[in-house]
Each structure stands twice: as C-alpha cells, then as structure tokens.
Amino acid sequence: MSSNTASKSISLLDLKAQYSQIQDEVEKAVIDVLRSGWYVLGPNVQAFEKEAAEFLNTKHAIGCANGSDALYIALLALDIKPEDEVIVPAFTYVATAEAVTQLGAKPVFADIDLETFNIDPQDIEKKITDKTKAIIIVHLYGQACDMDAIMALAKKHKLKVIEDTAQAFGTTYSSHFLKTQELDPSSRLANPETAQLTDASMSMLKDERNAGIGQGSRFSAGCIGDIGTYSFYPTKNMSCAGDGGMMTTNSDELEKRLRKIRAHGSSKRYYHDELGVNSRLDELQAAILRIKLKYIASWNNRRAELAKFYNDAFVKLDHKDFSLEIPKVIEGSSHIYHQYSIRVKSKTNKTDRETRDALKDALKEKSIATEIYYPLSLHEQEIYKSLNYKASDLPASVEATETVLCLPIYPELENDDIQTVIDAVRDLRI
C-alpha cells in the first residue's frame, strides 16, 4: 500500500485553499464595497453582468439572489402557468423540479443517459403531451447535455428550454443544429466566432479548437436555450461567498422580463407591471464574482487535468471486488468536472449500492472524503409521491442513485493528492 495513502487527508472541497490565492484581491474589493455605501444592484452587479455576458458570449446576463430563484424567475418570464407541464430530469438536485412545483405547474420526470448522467432526449420526447410547455435540462456535473437533439425537439413541439447550468459555468458545446438556424442579427449567437470575447474565454475556446472538440459553432452552456440559469453557491465551480445566482438570454424581450421579475415586477421604482419576486444580487457577492471570473477558465482547465489523472488510472483498474466506470464526455461538449463522478459496479454477491457504499466508507476510514450526488431520484422523493411514479418508471435514474460516487476534485488539489485517492481505491478490500 502506498505510504501517502495512510497519512494524507483529502477533503471533497477546500474553499480556504481557493480563498488563499485571491485573498488580497477579495478583501480589497469587499472593503471598497463596504466603504461605498452601495450594497445592492450597484456598479459591481452591473459590471459583473457585462463581464459574465462577454465571457459566456451571450447577449444578456442578469444577476439574482440564488440559483433556485433563477429557475423560478425563468419560468415566470416564459409564462408557465399552473397546470402546465414542464419536463425535468429525475436525477438532479431538487431545486430544478421544485421551481416548477412552486409555480403550481407539474414537473414531468424524464430519465437520463447513464453514460453522461444528463437527461435523455429520447425519453423527453416520450413525455411530451399537449400540456407540455417547457423543458428544463441540467448540465450535470459539468458536462453539456445533447443540446442539438434537445433544441430540435423544442423546435418541433414549440417548447421553451431552460438550461440549469448551476454545475457547468464555462462548459462549452459545439452545436450543429444552431449553426443552421435563423438567428436574430443583433444576437451575440448570430456570430459566435467573431463576437467580442474576454481574454480568458478566447483562450478557452482556442484550447478546445486545438484539442479538436466538435465541428460546429461553439456556445457556452446556458446560452443555447431560451434562458440559462446559474448558481454561485460556495460549492459550485464558479462561486461567491454566500448565495448568488444569474440568468442569461439572447432575447431582448426576455431580458426585460427577467429584470422586472427579479425586482417585484418593476422596471420603474414604485410602479409594478406584473407579479415579481425579491431576488437581487448584492454588491459584495458581485465584487467577489468579478475577481473569480478572471480565474475561472484556468480553474476549469485544472479540474480537467486532475480528471485525466483519475481517468488514466481507473480505465486500467482491475479490482477483484468492483469495477469502475469513468465519466464519458459526449462529442461536442467540454467537461469542467464540477464533480468527478464514477459508477461503482459490484463483482461480488453484494449489490451495486452495497458495494458503492462500502467503497465510500472504506475511503472515509483513510481520511478521503467522497459524496453521493444523488442518493434518491426525484421521482422517488416524498415530496413527489402524489405524482404516482414507480421506481421502475425511470430505471437509469434509479441505477445512478445506486452506483454514483463523487471523488475529490477541485483546482487546488495537487497531482499527489489525486494519486493518494487512486492508490487508496486500488488497494481497498471491501
């Protein structure tokens, strides 16, 4: 057994390590905000919205209080009504479906592709009825969904598309479908290759072209459907120091609606045009996000480097008790590895879930943190029992809950840390 396996403690995420890199910048920015006396929807929010839109190569970015609010506001802006149906993946965090339920609409659960953990376009089409008004897709773990297939379905059935991009800030997707569509000439999407980009995003796109990723026009995840939503919760790959969120769109009309709805339905103080919410991004969080935006491309690249260490080791692993399935990256998508998610399959008389859980417990004993995202599919959750799903209705989602295990991955990890995890997995007897 490797000697460093026994002595090295590996956390799932270390926010202090990231903070130490940018401490001076962050603390100066925070003090500047505090001294300014302007704490909500001020110059830092405006600047962050502009800079984020440029980085993502989208026309509009609108800050809000958190990612859950972003989903709810997006549904309001798309005029989703009570009794409408909205298709969502069954394997994701509850916030995706919760926003639909809060609006009085009905979430309809679609299954996932087990190789990518993302929503299965074929199952989406099976779930479409005359009540279906929208699809919420989730770019889970940091990889884009099959957006060409999804956007083709949306066009065919005249459905709106919301992209939940909480785990995929900076992921890009090479779209053949969108390359052939009629686009608003004023949209940044109309000419994605020549639109003004920040140095960081241009570098990221250049790296991907050199790597030969995709052959279509490249778009940022969250900037392909009608509205993209983002969470900046501290554990996200792009995060602030508390709650924060954002919405993106290439529609001028939707941008106006989103801005009104986030501020009590008002575009002019004390004049309210429609029902809205109170969901404002504060200046402190925006100031921190502006700093992190300068680093996010390099941080995402580092995540991919660490994932390659895992992949190279695990693809050759021949363990007597279990096999591991490493993340698959679909053609056309980058992967920023917000999570590094493996699937654990038993080679013994134990079930897959028992083997996965035993692996998790054994790694914990070696001071290596892991997490199960997610242990229960949404269609099995108590809150959705009234929808009368059976577990077997969405078999891939259920299998994911039984086999997925997320290993430590964040930019500040050293190569030796990844080797520590690899050695521990290789040497385990469960």
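Look up: the structure comes first, before these words.
What counts and what doesn't
Residues numbered from 1 in each chain as written. Predicted model: local features only at pLDDT ≥ 70, side-chain atom pairs only at ≥ 80, totals over all residues. Heavy atoms only, no water. Buried < 20%, exposed > 50% of the residue type's maximum accessible area, 1.4 Å probe, protein only. Helix = DSSP H or I, 4+ residues; strand = E, 2+ residues; numbered from the N terminus. Polar contact = N/O pair within 3.5 Å; in protein donor to acceptor, adjacent residues only side chain to side chain. Patch = residues over 30% accessible without salt bridge, like charges linked within 9 Å, V, L, I, M, F, W, Y side chains within 5 Å. Areas by Shrake-Rupley, 256 points an atom, 1.4 Å probe, with all protein chains shown as cover. Salt bridge = Lys/Arg side-chain N within 4 Å of Asp/Glu carboxyl O. Pairing = 2+ DSSP bridges. Axes fitted to C-alpha atoms, helices over the stretch in contact; angles between N-to-C directions. Contact = heavy atoms within 4.5 Å.

Student: Please explain helix α4 (residues 67-77) as it appears in this structure.
Tutor: Since one α-helical turn is 3.6 residues long, residues separated by three or four positions face the same way. Within α4, nine of the 11 residues are buried, which leaves the element mostly enclosed by the surrounding structure. For α4, the full list of buried residues reads Gly 67, Ala 70, Leu 71, Tyr 72, Ile 73, Ala 74, Leu 75, Leu 76 and Ala 77. Between a side-chain oxygen at the N-terminus of α4 and the backbone nitrogen of Ser 68 the separation is 3.1 Å; the capping residue is Asn 66. Phi for Asp 79, located one or two positions after α4, is positive at around 60 degrees.

Student: Help me out: how do you make sense of a nonpolar patch on the surface in this one?
Tutor: On the surface, Leu 34, Tyr 39 and Val 40 cluster together to form a nonpolar patch covering roughly 270 Å² of accessible area. Relative to the helices and strands, Leu 34 is located in helix α2 (residues 15-36). Taking relative accessible area as the criterion, Leu 34 reaches 45% and is therefore assigned partly exposed.

Student: Is there a simple way to explain the sheet that holds strand β13 (residues 340-346) in this structure?
Tutor: Strand pairing in a sheet takes place through backbone hydrogen bonds and is either antiparallel or parallel in direction. Ordered by their spatial adjacency, three strands build an open sheet running β12-β13-β14, and the pairing between neighbours is antiparallel. Two strands in the sheet have a free side with no partner beyond their single neighbour: β12 (322-325) and β14 (404-407). Within this sheet the neighbouring strands show an average axis-to-axis angle of 35 degrees, counted without direction. Bridging between β12 and β13 involves four bridges; their strand directions are antiparallel. Within the sheet, the bridge partner assigned to Ser 323 lies in β13 and is Lys 345. Packing of helix α12 (residues 352-365) onto the sheet brings it into contact with β12, β13 and β14, and relative to β13 it is tilted by some 125 degrees.

Student: Mind showing me how you'd approach the environment of Lys 256 here?
Tutor: Within the secondary structure, Lys 256 sits in helix α9 (residues 252-262). In sequence terms Lys 256 and His 60 are 196 residues apart; their C-alpha atoms lie 9.8 Å from each other.

Student: For this particular structure, what's the right way to read the pattern of salt bridges?
Tutor: Pairing is possible between side chains of opposite charge, provided their charged atoms come close. On inspection of all chains with the given rule, the structure shows 28 salt bridges. Among the salt bridges present, the one from Asp 252 reaches Lys 59, with a minimum N-O distance of 2.9 Å. Of the two residues, Asp 252 sits in helix α9 while Lys 59 sits in the loop between α3 (43-56) and β1 (60-64), which places them 193 residues apart along the sequence. Given a relative accessible area of 21%, Lys 59 falls into the partly exposed group. We note a salt bridge from Asp 318 to Lys 347, for which the minimum N-O separation is 3.4 Å. Remark: Lys 347 occurs in the loop between β13 and α12 and Asp 318 occurs in the loop between α11 (296-314) and β12; sequence separation between them is 29 residues. Assessed through its relative accessible area of 43%, Lys 347 is described here as partly exposed. A single salt-bridge network, built from bridges that share partners, covers Asp 79, Arg 257, Lys 260, Asp 273 and Glu 274.

Student: Help me understand the pairing of β1, please; the structure alone is not making it clear to me.
Tutor: Taken across its five residues, β1 has five buried, putting it largely inside the fold. Judged by which residues are buried, β1 turns out to be covered on both faces: His 60, Ile 62 and Cys 64 on one side and Ala 61 and Gly 63 on the other are all buried. As judged from the five bridges shared by β1 and strand β9 (residues 245-249), these two strands associate in the antiparallel manner. Each residue of the ladder has a partner; that of His 60, found in β9, is Thr 249.

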